[in-house]
Amino acid sequence: MIPPGSTIGILGGGQLGRMLAVAAARLGYRSHVFAPEASGPATEVAAEWTQGRFEDADAMKRFAARVDIATYEFENVDPHAVAFLSGRVPVAPSAGSLEVSRYRPNEKELVAELGGRTADWRSVDSLGALSAALAEIGAPAILKTTLFGYDGKGQARIDFPAEAADAWAAIGSPPPLRRGVPAIVEARVDFAAEFSVILARAPDGAVAVYDTPENVHRDGILHTSTVPARDLILEQAPEAVALARAVANRLGHVGVLTCEFFATADGPVFNEMAPRVHNSGHWTIEGAHCSQFENHIRAICGLPLGSTALTGGRVTMENLLGPDADRWPALLAEPAAHLHLYGKRDAQPGRKMGHVTRVTC
Ligand code: AMP
């Protein structure tokens, strides 16, 4: 057990790091962020900030010496950096969880092995391989980079096989990786709705699962998350939760794990997972007794997990992208609205500037 009063190291200093540090502080922990940037949304709320590259072994060693445990707020950290760190200080989730969830073929293979369904997909390492894969799985399809994809980035839609070359160019015509393939192509799933399973798993195997939010995306970026979800999702949630639990158990995962699903006429289809707190779980700050951020801190520190029960009858989280954040005066005037702004200065279109959660009875 890592008791309150200890220092939690967080790799990454974005809004997820910010909300993790706030939850940690409430429980009496200090946070120390390690990030490539000089500052970020977590700056104002973390006790310490080290700027450094994840590949810089000396910087990592110094960081390890100053924290009692480390975690990460995004999966684009090199698993080698996490493995290196875990040789010096406890790290949760483990490098193994990261290895599986950051690389699309790994997560899909694990899910298939555990009996879950994914879209039909193929690895592709060249335009020729993409065309051959399209001949097998057909169009419409989506081409995705295997690494570093988030918020619809690194993706190209393919409506007709003739668009293969444009799609390959759109994701940057990626050269083959030293290990693994640079991209996959997957069949476009005809879904009725999207949802996610967010759970926290403790070192002793205890699991706390949140109500499954219904997620609406716009241009590949999450727009809203709502609980309770519509009936179709509620019917499919038990199967999806069972799969997410099986994934967490197989990985020996410690911390929050998020799995995203499509609700289809044939049941839930797994899309992707994140070994961390997730945007579709921001509603838990006010909408659940213990938030995903607090449960992540509890889990990695070996404290008992908190209740995931809802605090109200209906909870909706809306992301504030770019200029949406300028609506803050009106949002403050709404009695049931809980406003979160991440302290980012540059309100580029599509950039996550904050979110607002509404809890109603
Ligand atoms: P991802 O980065 O894989 O989560 O994709 C972002 C969003 O793109 C998803 O939430 C869906 O709205 C959409 N999307 C991704 N993959 C597919 C697919 N195979 N079929 C249909 N829509 C998809």
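Scoring rules and cut-offs
- Residues numbered from 1 in each chain as written.
- Predicted model: local features only at pLDDT ≥ 70, side-chain atom pairs only at ≥ 80, totals over all residues.
- Heavy atoms only, no water.
- Helix = DSSP H or I, 4+ residues; strand = E, 2+ residues; numbered from the N terminus.
- Rg over C-alpha atoms; globule rule 2.2 N^0.38 Å.
- Buried < 20%, exposed > 50% of the residue type's maximum accessible area, 1.4 Å probe, protein only.
- Contact = heavy atoms within 4.5 Å.
- Areas by Shrake-Rupley, 256 points an atom, 1.4 Å probe, with all protein chains shown as cover.
- Lys, Arg positive; Asp, Glu negative; His and termini not counted.
- Charge placed at Lys NZ, Arg CZ, Asp CG, Glu CD.
- Near = heavy atom within 4 Å.
- Polar contact = N/O pair within 3.5 Å; in protein donor to acceptor, adjacent residues only side chain to side chain.
- Nonpolar A, V, L, I, M, F, W, Y, C, P; charged D, E, K, R; others polar.
- Pairing = 2+ DSSP bridges.
- Axes fitted to C-alpha atoms, helices over the stretch in contact; angles between N-to-C directions.
- Phe/Tyr/Trp six-rings, centres within 6.5 Å; stacked < 30°, edge-to-face > 60°.
- Domains from an automatic or database assignment.

## Considerations on the overall build of the protein
Okay, so step 1: When you go through the protein residue by residue, the secondary structure sums to 11 helices and 17 strands.
Okay, so step 2: Taken over C-alpha atoms, the radius of gyration comes to 20 Å for the protein, in line with the 21 Å a tight globule of 361 residues would show.
Okay, so step 3: The buried share of the protein, reckoned over its 361 residues, is 55%.
Okay, so step 4: Across the protein, contacts joining residues at least 24 apart in sequence account for 62% of those joining residues at least 6 apart.
Okay, so step 5: Accessible area for the protein stands at about 15000 Å²; split by element, carbon and sulfur atoms hold 52% of it.
Okay, so step 6: Here the protein contributes 33 positively and 41 negatively charged side chains, and the mean placements of these two sets differ by 5 Å.

## What about the site of the ligand?
Okay, so step 1: What surrounds the ligand is a group of 15 residues, the closest being Q155, E186, V189, E194 and E272.
Okay, so step 2: At 3.3 Å from an oxygen atom of the ligand is found a side-chain nitrogen or oxygen belonging to R104.
Okay, so step 3: Between the ligand and N271, the relevant distance is 3.1 Å, taken from an oxygen atom to a side-chain nitrogen or oxygen of the residue.
Okay, so step 4: Protein contacts shield 93% of the accessible area of the ligand, which totals 480 Å² for the unbound molecule.
Okay, so step 5: Where the shell around the ligand is concerned, the elements lending two or more residues are β6 (141-145), β8 (183-187) and β14 (267-274).
Okay, so step 6: Each residue belonging to the shell around the ligand can be placed in one class, and the counts come to 5 nonpolar, 4 polar and 6 charged.

## A short note on the sheet that holds β8
Okay, so step 1: An order of β5-β8-β6-β7 is seen for the 4 strands of this open sheet, with the pairing classed as antiparallel. Of all strands in the sheet, those with a lone pairing partner are β5 (121-124) and β7 (155-158), marking the two edges. Across this sheet, the average inter-strand angle for adjacent strands is 20°, counted without regard to direction.
Okay, so step 2: As paired strands, β6 and β7 are joined by 4 bridges and run antiparallel to one another. Its bridge partner being in β7, K144 is matched across the sheet by Q155.
Okay, so step 3: Seen against the sheet, helix α5 (residues 104-113) touches β5, β6, β7 and β8 and runs at an angle of roughly 45° to β8.

## Remarks on the packing of aromatic side chains
Okay, so step 1: Scanning all chains against the criterion turns up 7 aromatic pairs.
Okay, so step 2: Ring centres of F34 and F63 lie 5.1 Å apart, and the angle between their planes is 55°; on these two criteria the pair is classed as tilted. Within this pair, whereas F34 is found in strand β2 (residues 30-35), its partner F63 is found in helix α2 (residues 57-65), the two being separated by 29 residues in sequence. With respect to class, F34 is no different from F63; both count as buried.

## Digging into the sheet that holds strand β1 (residues 7-11)
Okay, so step 1: Sheet architecture is open: 4 strands sit in the order β3-β2-β1-β4, paired in parallel fashion. With one partner strand each, in any of the chains shown, β3 (48-51) and β4 (69-72) form the two edges of the open sheet. Looking at each pair of strands side by side, their axes are set apart by 25° on average, direction ignored.
Okay, so step 2: Across 5 bridges, the pairing between β1 and β2 is parallel. Residue pairing across strands places L11 opposite F34, the latter belonging to β2.
Okay, so step 3: Lying over the sheet, α2 contacts β1 and β2, oriented at roughly 175° with respect to β2.

## Points about the pairing of β2
Okay, so step 1: Burial runs high along β2: 5 of the 6 residues are buried.
Okay, so step 2: Two elements, β2 and β3, share 4 bridges in a ladder whose sense is parallel. Its bridge partner being in β3, A35 is matched across the sheet by Q51.

## Some points on the domain arrangement of the protein
Okay, so step 1: Partitioning the protein into structural domains gives domain 1 (7-91), domain 2 (120-187) and domain 3 (193-360).
Okay, so step 2: A straight line from the C-alpha centre of domain 1 to that of domain 2 covers 33 Å.

## Topic: unusual backbone geometry
Okay, so step 1: Across the junction of A92 and P93, the peptide omega takes the value -5°, indicating a cis bond.
Okay, so step 2: With respect to the element layout, P93 can be found in the loop between α3 (79-86) and α4 (95-101).
Okay, so step 3: Note that the residue after V227, namely P228, is joined by a cis bond; omega there is -5°.
Okay, so step 4: Within the secondary structure, P228 sits in the loop between β12 (221-227) and α8 (231-251).
Okay, so step 5: Non-glycine residue D219 carries a positive phi angle of around 55°.

## Here we look at the environment of G255
Okay, so step 1: Mapped onto the secondary structure, G255 falls in strand β13 (residues 255-264).
Okay, so step 2: Since its relative accessible area comes to 0%, G255 is described here as buried.
Okay, so step 3: Taking the C-alpha atoms as reference, G255 lies 29 Å from E186; in sequence the two are 69 residues apart.
Okay, so step 4: Among residues more than four places away in sequence, those in contact with G255 are L199, A200, R201, H296, A299 and I300.

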